[in-house]
Amino acid sequence: MKKILLTTVLSLMMCIGVYAQDYLNAPKANEKELGTLSAKECWHNCENNSKRDVGHFNGTKLNWYTTLLETAEQKYPGKTVDIRNLEVGKYYNNAYGGLYCGPATGKVVWVMSKEDIANEFNKTLSQALNKALRNVHEGSRLAIDQVTVISSMDRGEFKDQLIDILLDKGYKIVAKDYLERLYEEQQAQQSGIYNESTTVKADNFSAVGYYINVKVTETSLRVQVVNVSTGEYEGNATVNF
(Lines give C-alpha, C1' and ligand atoms only; values in the text may rest on other atoms or scores of the structure.)
Protein backbone atom coordinates (compact mmCIF):
# COMPACT_ATOMS: atom_id res chain seq x y z
CA MET A 1 0.00 0.00 0.00
CA LYS A 2 2.84 2.37 0.93
CA LYS A 3 4.60 1.56 -2.33
CA ILE A 4 1.45 2.31 -4.33
CA LEU A 5 0.95 5.60 -2.44
CA LEU A 6 4.58 6.61 -2.97
CA THR A 7 4.37 5.82 -6.68
CA THR A 8 1.20 7.90 -6.97
CA VAL A 9 2.78 10.86 -5.16
CA LEU A 10 5.92 10.71 -7.30
CA SER A 11 3.84 10.55 -10.48
CA LEU A 12 1.83 13.56 -9.36
CA MET A 13 4.99 15.50 -8.53
CA MET A 14 6.42 14.69 -11.97
CA CYS A 15 3.22 15.92 -13.66
CA ILE A 16 3.30 19.13 -11.65
CA GLY A 17 6.97 19.62 -12.52
CA VAL A 18 6.37 19.12 -16.23
CA TYR A 19 3.38 21.48 -16.16
CA ALA A 20 5.32 24.12 -14.24
CA GLN A 21 8.01 24.13 -16.91
CA ASP A 22 5.56 25.05 -19.67
CA TYR A 23 6.69 28.67 -19.37
CA LEU A 24 10.07 27.64 -20.78
CA ASN A 25 8.50 26.08 -23.88
CA ALA A 26 7.09 27.51 -27.10
CA PRO A 27 3.37 28.40 -27.42
CA LYS A 28 1.02 25.46 -27.99
CA ALA A 29 -1.49 24.95 -30.79
CA ASN A 30 -4.39 26.38 -28.78
CA GLU A 31 -2.40 29.42 -27.62
CA LYS A 32 -2.29 32.77 -29.40
CA GLU A 33 0.65 35.14 -28.96
CA LEU A 34 -0.40 38.53 -27.60
CA GLY A 35 3.00 40.14 -27.17
CA THR A 36 6.28 40.07 -25.25
CA LEU A 37 6.91 41.23 -21.69
CA SER A 38 10.32 42.36 -20.45
CA ALA A 39 11.43 43.02 -16.87
CA LYS A 40 14.49 45.31 -16.83
CA GLU A 41 15.20 45.26 -13.12
CA CYS A 42 16.40 42.20 -11.23
CA TRP A 43 15.06 41.83 -7.72
CA HIS A 44 15.61 38.10 -7.02
CA ASN A 45 19.00 36.94 -5.79
CA CYS A 46 20.01 33.68 -7.43
CA GLU A 47 19.65 30.67 -5.16
CA ASN A 48 23.12 29.35 -5.81
CA ASN A 49 25.77 31.94 -6.72
CA SER A 50 28.44 29.30 -7.41
CA LYS A 51 26.57 28.02 -10.45
CA ARG A 52 27.03 30.18 -13.52
CA ASP A 53 24.50 28.33 -15.67
CA VAL A 54 21.18 30.16 -15.33
CA GLY A 55 19.37 26.89 -15.92
CA HIS A 56 20.64 25.62 -12.54
CA PHE A 57 19.15 28.46 -10.52
CA ASN A 58 16.15 26.50 -9.20
CA GLY A 59 13.20 28.69 -8.31
CA THR A 60 14.55 31.90 -9.84
CA LYS A 61 12.93 31.35 -13.21
CA LEU A 62 9.71 30.42 -11.45
CA ASN A 63 9.83 33.74 -9.57
CA TRP A 64 10.31 35.64 -12.80
CA TYR A 65 7.50 33.64 -14.40
CA THR A 66 5.15 34.59 -11.56
CA THR A 67 6.11 38.25 -11.85
CA LEU A 68 5.59 38.38 -15.61
CA LEU A 69 2.33 36.45 -15.36
CA GLU A 70 0.90 38.93 -12.85
CA THR A 71 1.77 41.79 -15.20
CA ALA A 72 0.25 39.95 -18.18
CA GLU A 73 -3.01 39.35 -16.30
CA GLN A 74 -3.26 43.08 -15.59
CA LYS A 75 -2.41 44.00 -19.17
CA TYR A 76 -4.90 41.57 -20.77
CA PRO A 77 -7.95 41.45 -18.45
CA GLY A 78 -10.70 39.01 -19.36
CA LYS A 79 -8.32 36.56 -21.06
CA THR A 80 -6.73 33.40 -19.69
CA VAL A 81 -3.07 34.26 -20.25
CA ASP A 82 0.23 32.50 -19.59
CA ILE A 83 3.95 32.97 -20.25
CA ARG A 84 5.97 31.00 -22.80
CA ASN A 85 9.61 31.07 -23.98
CA LEU A 86 10.78 32.59 -20.69
CA GLU A 87 14.39 33.72 -20.85
CA VAL A 88 16.36 34.96 -17.84
CA GLY A 89 19.79 36.53 -18.10
CA LYS A 90 22.44 36.92 -15.38
CA TYR A 91 24.79 39.61 -14.12
CA TYR A 92 27.22 40.11 -11.23
CA ASN A 93 26.37 42.89 -8.80
CA ASN A 94 29.64 44.27 -7.32
CA ALA A 95 27.82 46.27 -4.67
CA TYR A 96 26.27 43.18 -3.12
CA GLY A 97 28.88 40.67 -4.26
CA GLY A 98 26.56 38.17 -5.82
CA LEU A 99 25.39 36.80 -9.12
CA TYR A 100 21.90 38.01 -9.88
CA CYS A 101 19.31 36.91 -12.44
CA GLY A 102 17.79 39.37 -14.88
CA PRO A 103 16.45 40.86 -16.92
CA ALA A 104 13.74 38.40 -17.94
CA THR A 105 11.60 38.27 -21.07
CA GLY A 106 8.72 36.04 -22.07
CA LYS A 107 5.94 35.74 -24.62
CA VAL A 108 2.42 36.37 -23.38
CA VAL A 109 -0.04 33.84 -24.80
CA TRP A 110 -3.79 33.61 -24.67
CA VAL A 111 -4.76 30.05 -23.64
CA MET A 112 -7.86 29.69 -25.79
CA SER A 113 -10.92 27.56 -25.13
CA LYS A 114 -12.88 25.98 -27.99
CA GLU A 115 -15.31 28.89 -27.81
CA ASP A 116 -12.44 31.40 -27.93
CA ILE A 117 -10.98 29.65 -30.99
CA ALA A 118 -14.36 29.66 -32.77
CA ASN A 119 -14.92 33.36 -32.02
CA GLU A 120 -11.43 34.32 -33.20
CA PHE A 121 -11.88 32.30 -36.39
CA ASN A 122 -15.16 34.10 -37.07
CA LYS A 123 -13.39 37.43 -36.64
CA THR A 124 -10.64 36.35 -39.05
CA LEU A 125 -13.18 35.16 -41.63
CA SER A 126 -15.15 38.39 -41.31
CA GLN A 127 -11.97 40.43 -41.71
CA ALA A 128 -10.97 38.54 -44.86
CA LEU A 129 -14.47 38.94 -46.34
CA ASN A 130 -14.47 42.68 -45.64
CA LYS A 131 -11.17 43.08 -47.50
CA ALA A 132 -12.17 40.92 -50.46
CA LEU A 133 -15.62 42.51 -50.80
CA ARG A 134 -14.57 46.13 -50.37
CA ASN A 135 -15.46 46.90 -54.04
CA VAL A 136 -18.76 44.97 -53.93
CA HIS A 137 -21.84 46.93 -52.92
CA GLU A 138 -23.97 45.79 -50.01
CA GLY A 139 -27.05 43.99 -51.29
CA SER A 140 -25.20 42.39 -54.22
CA ARG A 141 -26.01 38.77 -55.03
CA LEU A 142 -23.25 36.28 -54.24
CA ALA A 143 -22.84 32.55 -54.79
CA ILE A 144 -20.47 30.24 -52.91
CA ASP A 145 -18.30 28.57 -55.55
CA GLN A 146 -15.18 26.79 -54.19
CA VAL A 147 -14.64 26.04 -50.49
CA THR A 148 -11.49 24.25 -49.30
CA VAL A 149 -10.83 23.56 -45.62
CA ILE A 150 -8.32 21.62 -43.54
CA SER A 151 -9.05 18.02 -42.58
CA SER A 152 -10.08 18.89 -39.01
CA MET A 153 -12.91 21.14 -40.24
CA ASP A 154 -16.36 20.16 -41.47
CA ARG A 155 -16.78 21.69 -44.93
CA GLY A 156 -20.58 21.76 -44.75
CA GLU A 157 -20.65 23.48 -41.38
CA PHE A 158 -18.06 26.00 -42.53
CA LYS A 159 -20.09 26.79 -45.66
CA ASP A 160 -23.20 27.38 -43.54
CA GLN A 161 -21.18 29.63 -41.27
CA LEU A 162 -19.88 31.55 -44.30
CA ILE A 163 -23.41 32.08 -45.62
CA ASP A 164 -24.60 33.34 -42.22
CA ILE A 165 -21.79 35.91 -42.04
CA LEU A 166 -22.44 37.14 -45.60
CA LEU A 167 -26.17 37.49 -44.90
CA ASP A 168 -25.39 39.44 -41.73
CA LYS A 169 -23.24 41.79 -43.81
CA GLY A 170 -26.25 42.56 -46.03
CA TYR A 171 -25.45 40.45 -49.10
CA LYS A 172 -27.91 38.18 -50.92
CA ILE A 173 -26.79 34.57 -51.33
CA VAL A 174 -27.81 32.65 -54.46
CA ALA A 175 -27.44 28.87 -54.76
CA LYS A 176 -24.72 28.00 -57.25
CA ASP A 177 -26.92 25.40 -58.97
CA TYR A 178 -29.33 28.23 -59.84
CA LEU A 179 -26.53 30.00 -61.71
CA GLU A 180 -25.63 26.78 -63.48
CA ARG A 181 -29.23 26.36 -64.63
CA LEU A 182 -29.20 29.94 -65.91
CA TYR A 183 -26.04 29.22 -67.86
CA GLU A 184 -27.47 26.04 -69.36
CA GLU A 185 -30.63 27.89 -70.39
CA GLN A 186 -28.59 30.68 -71.94
CA GLN A 187 -26.57 28.15 -73.95
CA ALA A 188 -29.81 26.56 -75.15
CA GLN A 189 -31.12 29.96 -76.22
CA GLN A 190 -28.00 30.62 -78.26
CA SER A 191 -28.52 27.30 -80.06
CA GLY A 192 -32.04 28.34 -80.99
CA ILE A 193 -33.72 25.71 -78.78
CA TYR A 194 -35.32 27.27 -75.73
CA ASN A 195 -38.57 27.91 -73.94
CA GLU A 196 -39.72 31.51 -74.48
CA SER A 197 -41.36 31.56 -71.03
CA THR A 198 -37.98 30.94 -69.34
CA THR A 199 -35.81 33.19 -71.47
CA VAL A 200 -32.58 34.20 -69.77
CA LYS A 201 -31.89 37.87 -70.36
CA ALA A 202 -28.41 39.26 -70.80
CA ASP A 203 -28.52 41.04 -67.48
CA ASN A 204 -29.54 38.00 -65.43
CA PHE A 205 -25.95 37.00 -64.70
CA SER A 206 -24.87 40.54 -63.87
CA ALA A 207 -27.82 40.72 -61.50
CA VAL A 208 -26.51 37.64 -59.70
CA GLY A 209 -23.14 39.28 -59.24
CA TYR A 210 -20.20 37.36 -57.85
CA TYR A 211 -18.69 34.01 -56.96
CA ILE A 212 -16.95 33.58 -53.59
CA ASN A 213 -13.99 31.20 -53.27
CA VAL A 214 -12.58 30.43 -49.81
CA LYS A 215 -9.51 28.41 -48.86
CA VAL A 216 -8.55 27.64 -45.24
CA THR A 217 -5.07 26.30 -44.41
CA GLU A 218 -3.33 25.65 -41.10
CA THR A 219 -1.88 29.17 -41.12
CA SER A 220 -4.11 31.38 -43.24
CA LEU A 221 -7.53 32.07 -44.74
CA ARG A 222 -7.95 33.31 -48.33
CA VAL A 223 -11.04 34.79 -49.93
CA GLN A 224 -11.43 35.48 -53.66
CA VAL A 225 -14.33 37.31 -55.31
CA VAL A 226 -15.00 36.66 -59.02
CA ASN A 227 -17.31 38.77 -61.20
CA VAL A 228 -19.82 36.33 -62.72
CA SER A 229 -20.35 38.43 -65.86
CA THR A 230 -16.71 39.09 -66.74
CA GLY A 231 -14.85 36.29 -64.96
CA GLU A 232 -12.48 38.89 -63.50
CA TYR A 233 -11.24 38.85 -59.92
CA GLU A 234 -13.08 41.64 -58.11
CA GLY A 235 -11.30 41.10 -54.80
CA ASN A 236 -8.62 38.95 -53.16
CA ALA A 237 -7.62 38.85 -49.50
CA THR A 238 -5.45 36.63 -47.32
CA VAL A 239 -5.39 36.83 -43.54
CA ASN A 240 -2.81 34.89 -41.51
CA PHE A 241 -3.72 33.35 -38.18
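See the structure printed just above.
Below or above, wherever it landed, is the structure these notes cover. Note that the structure is a prediction, hence the values are computed from the model and not measured.

## A look at the packing of aromatic side chains
Two numbers describe a pair of aromatic rings. These are the distance of the centres and the angle of the planes. Taken as a whole and judged by the stated rule, the model has three aromatic pairs. On the numbers, 4.5 Å between centres and 20° between planes, the contact of Tyr-23 with Tyr-65 is stacked. Taken together, the positions of Tyr-23 in the loop between helix H1 (2-20) and strand E1 (31-39) and Tyr-65 in helix H2 (residues 60-75) put the pair 42 residues apart, joining distant regions of the chain. Like Tyr-23, the residue Tyr-65 is buried in the burial classification. Relative to Phe-158, the ring of Phe-121 lies with its centre 5.9 Å away and its plane at 65°, an arrangement referred to as edge-to-face.

## Remarks on the sheet that holds strand E4 (residues 141-148)
Spatially, the five strands line up as an open sheet ordered E5-E4-E6-E7-E8, and their pairing is mixed. The strands lining the two open edges of the sheet, one partner per strand, are strand E5 (172-173) and strand E8 (233-240). Here seven bridges tie strand E7 (residues 220-227) to E8, and the two strands are oriented antiparallel to one another. Counted as the bridge partner of Val-225 is Gly-235 from E8. Across the face of the sheet, helix H3 (residues 114-132) comes into contact with strand E6 (210-216), E7 and E8 while running at roughly 150° to E8. Seen against the sheet, helix H4 (residues 155-168) touches E4, E5 and E6 and runs at an angle of roughly 150° to E4.

## Here's the deal with the layout of surface pockets
A probe matching the size of a water molecule, rolled over the atoms, marks out where space remains unfilled. The space that makes up the largest pocket amounts to roughly 750 Å³. Surrounding the largest pocket, 25 residues form its lining, Ala-29, Ile-117, Phe-121, Glu-218 and Phe-241 being those nearest its centre. Top contributing element to the lining of the largest pocket by residue count: H3, with seven residues. The residue makeup of the lining of the largest pocket, split by class, is 11 nonpolar, eight polar and six charged.

## A look at the side chain of Asp-82
With respect to the helices and strands, Asp-82 occurs in strand E2 (residues 81-93). Since its relative accessible area comes to 10%, Asp-82 is described here as buried. Those residues in contact with Asp-82 that sit more than four places away from it in its chain are Tyr-65, Leu-69, Lys-107, Val-108, Val-109 and Val-111.

About the thresholds
- Residues numbered from 1 in each chain as written.
- Predicted model: local features only at pLDDT ≥ 70, side-chain atom pairs only at ≥ 80, totals over all residues.
- Heavy atoms only, no water.
- Phe/Tyr/Trp six-rings, centres within 6.5 Å; stacked < 30°, edge-to-face > 60°.
- Helix = DSSP H or I, 4+ residues; strand = E, 2+ residues; numbered from the N terminus.
- Buried < 20%, exposed > 50% of the residue type's maximum accessible area, 1.4 Å probe, protein only.
- Pairing = 2+ DSSP bridges.
- Contact = heavy atoms within 4.5 Å.
- Axes fitted to C-alpha atoms, helices over the stretch in contact; angles between N-to-C directions.
- 1 Å grid on protein atoms, 1.4 Å probe; cavity = no way out; pocket = protein on both sides within 12 Å on 5 of 7 lines; lining within 4 Å.
- Points joined across faces, edges and corners; volume = space filled by probe spheres on them.
- Nonpolar A, V, L, I, M, F, W, Y, C, P; charged D, E, K, R; others polar.

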